[in-house]
Amino acid sequence: MGGIRLNGAFALLCALAAAFGCVGCTAPHEVADWTLREASGRAARPITLPSHLDDGSLARDSTYTLVTTHTLAPDFIGRDVDFVIPHFWAITRLTVDGQPAVRVRGPLHRTYRETGPHVYRIPAATTRDGKLRLELAVDHTWTQSAWFDVVPRLVRTGERDTAAMLSEFFNVTLGIYGFATLLQIGLACLAIYFIGGRRRMYLWFGIQAVTAASYPLLTHGSLPVAFGHYDVPFTATALVIAIWASLRFSYDFFELGHVPRAWDRWMAVAALICAYPSGPYLSTQIAGRTAIAIVALGVVLQSRLCIQQTLIAAKRRDARWYLACWMALALTTWNEMVTWAGLGEVFSGARIACMGLTFFAFFLSLLLSQRHMGTLEQSDRLNAELAERVHDLERRGGEIEQLNTELRRQIAERAEQIYAALALRDRRGAPPPVLQTGEVVQGRYRVASLLGTGGMGAVYEVARLLDGERFALKLTRETHGEALALLAREAQIAAQLSHPNVVKVVDVDISSTGFLFVIMELVDGRPLSELRPRYGDLPWALMVLQQMAAGLAVLHQADIVHRDVKPPNVLISEWTDVARLRVKITDFGISRFEPDSVYVSVPPPAPPLESTWRSVRAALAEGCESDTVVLTPDKEAAEPAEGESPALSEGLFTRGGFIAGTPTYMAPELAIPGARATSAADLYSFGIVAWELLTGARPCLRPAAMAVMQGEAPDAIPSLASALQPADAELVQFIDDCLALEPKLRPSASQVEQALAAVSARRAAQGGAAISRRKTS
């Protein structure tokens, strides 16, 4: 097959030779007509170079000879002349008029082929007769040693041949420079990736650069030293990997997501074909042509991708630069594709792909560096803004915390003052206050709707005029001093606390019309007492009880005893979702401060004093098991002693002689005259609630507090294990301990919270074993 000779393109390269001092050189004389003699003994045949000689007649691993008699031009006669082959990847030996010619420019490496121009010196004594008999022996060791695609030429000694000079510059000099540049850029990008660990663009670009560096090393001639006959399969495989990595780089560079899996599969097949050890006489046809097909496909896909990205305004600038890099690479590699396809040398052996690869990697690294610098600048700017915002948030957080602390202090002080004042009010109250929708309370809150009413008072939804935020407004139904003091006490207690499982109080005041109101957070939920259909649902009940215990733990840490723990005083939001439900403990009207923990044992039964428990029997007759009641012995006992302030820390409803709470959930020690409530009393009430939640029934018919009030021994409370099947030993133990008649035997709220969390975690790990409940009478 005859080689391609593009004189116009070659003339363009020759113009570059002016920079190397070649202007004015004598034009070389080409030696194109030869006679081919083969070692197989086949008859000699004339050939004209350039030509491919592997038409099936050349024996592999043999030597063939080209013979010709050339008539010299007059300006070559009697002068030293150089015989030059600008580019030929084969081992050659020249004989002139029967004498071996001297090789004046030897190969860098001698393996199964040579690299670089072949230059032989012919002395003047040989050229005097004007004719030269030339015999060029060629060792045929691989496919391209039979591809004589460059015409040998004669040049006068001292003058450089332009084609040979360009071939040496692009193939050898730029080959080693290109290899060093690509390797350095690739290793730097890989180091950035492995140090940083998150920027995958650097990984793909590093792989692309390192694998592409194999081609400049191939043209330089160093690769056969390491790989021998397998230098072409190695280079072809590396180029396929480079194209594969380049597409992944592009997808990450333009943030396009994942590369199609089909592309990975096709690249894997192509890499396997290239890596197959086909031998020196098939590697060009199999590995070489597969690689150029993949490179051509990669250039087309990358160019198409870049053109698509130029249509996006935010990516247009980077896409144009990236497209320019691929266009430059295409313009400098098409001649390599022509050569490896077996269509001949385009630029008389000068392989400009080494230059293209070098500049491609260099300018693409600049583009990547520019992107990296932009990212760093943006990161620095965002970090500065974030630091400023964090500082501002910390400053504002400190101010807000100070304001919240001061607000809680003021609410507590105001509530305490109101509590002391209302405790002295005449108990003959006016009619209960009623708020209308749209009414503005104290110039700060607008009434939205009535949320509910109960035995103690009413709750309204209100909106704060300042910012429109929604709250709950609570006021008492009764206007006598005790009822108002209960409400003030609730505000005083709740103002001390800030916890997700305790209702927050944000304001307390007396309106201009004379009624006391408390502003609390608005809980979008229902009381636990209204969710009885969920009782017995173990995961749901455990979550409710765990949050109740957390709220009680916060109360007790603040030395506060609730004294009225029962389902109506526990609000549940998001109750249909176990993972999202939220428990809020509310109603601190009869709560008290507990500076000291003094436990009082339940005494043996004794006849009750008629003067002390006159109203107890009336309450029992009415069946007060769910409402909070305040039982007093007589008027004299209810009045404060001489010199005693009703606003003492004990409070009006915690002095001796009074019983306040809900009998069904009341601890038995609270029925003892003069007993002081402790946190253990709350744990007893918690145990009753837990029994109901877990089993759907109450543990006994007659509350223990009622038995003590009647002077009888409390009934033994059955173990929780009697109502749960199968029973969780740890859960049963803690609930049973909460229901101990002796206060000192009950655990703390913190211990109960931790135990319930452990039970929930264990059940979750075990897959939530079902626990059924027995029917209890």
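Residues numbered from 1 in each chain as written. Predicted model: local features only at pLDDT ≥ 70, side-chain atom pairs only at ≥ 80, totals over all residues. Heavy atoms only, no water.

## A short note on the confidence of the model for the chain
Right, so step 1: Scored by pLDDT, the chain has a mean of 80; 79% of the residues are at 70 or more.
Right, so step 2: Between residues 1-24, whose pLDDT stays under 50, and residues either more than four places distant or in other chains, the model counts 40 contacts.
Right, so step 3: Counting interchain partners and residues more than four positions distant, the pLDDT-below-50 stretch residues 603-626 has 39 contacts. (pLDDT = per-residue confidence, 0-100. Contact = heavy atoms within 4.5 Å.)

## Considering the sheet that holds strand β18 (residues 505-510)
Right, so step 1: Pairing within the open sheet is antiparallel, and its six strands lie in the order β14-β15-β16-β17-β19-β18. A single partner strand is all that each edge strand has here, and the edge strands are β14 (440-441) and β18. (Pairing = 2+ DSSP bridges. Helix = DSSP H or I, 4+ residues; strand = E, 2+ residues; numbered from the N terminus.)

## Comments concerning the pairing of strand β19 (residues 516-521)
Right, so step 1: Judged by how many residues are buried, β19 sits mostly within the fold: six of six residues are covered.
Right, so step 2: As judged from the four bridges shared by strand β17 (residues 470-476) and β19, these two strands associate in the antiparallel manner. Its bridge partner lying in β19, Phe471 is registered against Glu521.
Right, so step 3: Where β18 meets β19, five bridges bridge the pair, whose relative direction is antiparallel. Of the residues in β19, the one forming a bridge with Val508 is Val518. (Buried < 20%, exposed > 50% of the residue type's maximum accessible area, 1.4 Å probe, protein only.)

## Remarks on helix α13 (residues 538-557)
Each α-helix turn comprises 3.6 residues. Residues three or four places apart therefore point the same way.
Right, so step 1: The terminal C-alpha atoms of α13, which comprises 20 residues, lie 28 Å apart, in line with the 28 Å expected from a rise of 1.5 Å per residue.
Right, so step 2: A positive phi of about 60 degrees marks Asp559, the residue just after α13. (Expected span 1.5 Å × (residues − 1).)

## Regarding the nonpolar core
As a rule of thumb, soluble globular proteins bury nonpolar side chains together.
Right, so step 1: Of all hydrophobic cores here, the largest spans 59 residues; its most connected members are Leu528, Val544, Met548, Phe686, Leu693 and Leu731.
Right, so step 2: Listing elements by their share of this core, those giving two or more residues are α13, β21 (560-561), β22 (570-573), β23 (582-585), α16 (679-695), α17 (704-709), α18 (729-738) and α19 (749-765).
Right, so step 3: With 12 residues, α13 is the single largest residue contributor to this core.
Right, so step 4: With residues near it in sequence (within four places) discarded, Met548 still touches Leu528, Val565, Val570, Val583, Ile585, Phe686 and Val689.
Right, so step 5: Among the nonpolar cores identified, the runner-up in size contains 58 residues, and Ala212, Ala213, Tyr215 and Leu223 belong to it. (Core = buried A, V, L, I, M, F, W, Y, C linked by side-chain atoms within 4.5 Å.)

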